[in-house]
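# Chains, contacts and geometry: an overview
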Amino acid sequence: MLQLRARSLADTHAIAAAIAALSRTGDLIVLAGEMGAGKTAFAQGFGAALGVTDRITSPTFTLVHSYEAGRLTLHHADIYRLSTHHQVADLALSELVEYDGIVLIEWGDVVAQSLGDHLLVRLDHVDDDEDARTVTLSGTGRSWALRWERVTSSVEGFAC
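A brief report on the enclosed structure follows. Just so we're clear, the structure is a prediction, and the values are computed from it rather than from any experiment. (Residues numbered from 1 in each chain as written. Predicted model: local features only at pLDDT ≥ 70, side-chain atom pairs only at ≥ 80, totals over all residues. Heavy atoms only, no water.)

We now examine the overall build of the protein chain. For the protein chain, the helix and strand inventory stands at five helices and seven strands. Taken from N to C terminus, the helices and strands of the protein chain fall in the order β-α-β-α-β-β-α-α-β-β-β-α. Counting only residues that meet the buried cut, the protein chain has 48% of its 160 residues in that class. Sequence-distant contacts, at least 24 apart, represent 65% of the contacts inside the protein chain between residues at least 6 apart. For the protein chain, the accessible surface area stands at approximately 8,100 Å², while carbon and sulfur atoms represent 50% of it. (Helix = DSSP H or I, 4+ residues; strand = E, 2+ residues; numbered from the N terminus. Buried < 20%, exposed > 50% of the residue type's maximum accessible area, 1.4 Å probe, protein only. Contact = heavy atoms within 4.5 Å. Areas by Shrake-Rupley, 256 points an atom, 1.4 Å probe, with all protein chains shown as cover.)

With that settled, consider the packing of aromatic side chains. What the rule picks out here adds up to one aromatic pair. In this arrangement the basic side chain of arginine 147 is found over the ring face of tryptophan 144, its NZ or CZ atom lying 3.9 Å from the centre. (Phe/Tyr/Trp six-rings, centres within 6.5 Å; stacked < 30°, edge-to-face > 60°. Lys NZ or Arg CZ within 6 Å of the ring centre and 35° of its normal.)

The subject of this paragraph is the environment of isoleucine 105. Along the polypeptide, isoleucine 105 turns up in strand β5 (residues 101-106). With a relative accessible area of 1%, isoleucine 105 lands in the buried category. In this structure, the C-alpha to C-alpha distance between isoleucine 105 and histidine 75, residues 30 residues apart in sequence, is 8.3 Å.

Now for helix α5 (residues 142-154). When the terminal C-alpha atoms of α5 are compared, their 19 Å separation across 13 residues agrees well with the 18 Å that a helix rising 1.5 Å per residue should span. Maximal helix bending in α5 amounts to about 55 degrees, located at tryptophan 148. Those residues of α5 lying buried are Ser143, Trp144, Arg147 and Val151. (Expected span 1.5 Å × (residues − 1). Bend = angle between axes of the 7 residues up to and from the residue.)

Bringing the sheet that holds strand β7 (residues 129-140) into the picture now. The strand order across the open sheet formed by seven strands is β1-β7-β6-β2-β5-β4-β3, and the pairing between neighbours is mixed. Edge strands, defined here as strands with exactly one partner in the open sheet, are β1 (2-6) and β3 (64-69). For this sheet, the mean angle separating the axes of adjacent strands, direction not counted, is 20 degrees. Two elements, strand β4 (residues 72-78) and β5, share six bridges in a ladder whose sense is parallel. Bridging across to β5, histidine 76 finds its partner in leucine 104. The strands that α5 touches are β1, β2 (28-32), β6 (118-126) and β7; relative to β7, the one it contacts most, it runs at about 145 degrees. (Pairing = 2+ DSSP bridges. Axes fitted to C-alpha atoms, helices over the stretch in contact; angles between N-to-C directions.)

Among the secondary structure elements, threonine 136 is positioned in strand β7. Discounting residues that sit within four places of it in the chain, threonine 136 has contacts with Met1, Leu2, Gln3, Leu120, Val121 and Arg122.

Turning to the pattern of salt bridges, a few remarks are in order. Pairing between side chains of opposite charge can happen when their charged atoms approach one another. Under the counting rule described, the total for this entry stands at two salt bridges. Arginine 147 is the partner of aspartate 27 in a salt bridge, and the nearest nitrogen-oxygen pair spans 2.7 Å. Within this pair, whereas aspartate 27 is found in the loop between α1 (9-22) and β2, its partner arginine 147 is found in helix α5, the two being separated by 120 residues in sequence. Residue classification places arginine 147 among the buried residues on the basis of a relative accessible area of 0%. (Salt bridge = Lys/Arg side-chain N within 4 Å of Asp/Glu carboxyl O.)

Here it is as structure tokens:
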């Protein structure tokens, strides 16, 4: 587990870009945190680093937005409004990952244990600074274990 400090929106975007640079087709990244903690901001920085030129918005009402990013597709899901594991399964997120893309799931920490290999990115407000966030990264599965040293070195400038 890595704990980082993003002092600004630009820092959140930079951390997301560092993770995007290490991501590959088939990756699943779970974004967790309270409302307004920066999950969509992280997704925007991640997408920009992959080459997404469309405006990335929260997919709260459509559940999944897909963005072309050159060599792959970024699928951005929000499962906040889903109440059962069956509803999440109906989204077929694993199929999106297998074929052509990377999936970012906002509010996915509720079902993370059933998702297989994934990177959990938890964003939390910092009490004394409204612009700052604590960003905690933890990898689950072999895929992220093999890249963990590169993850650590790519975000070392933000380490707490």
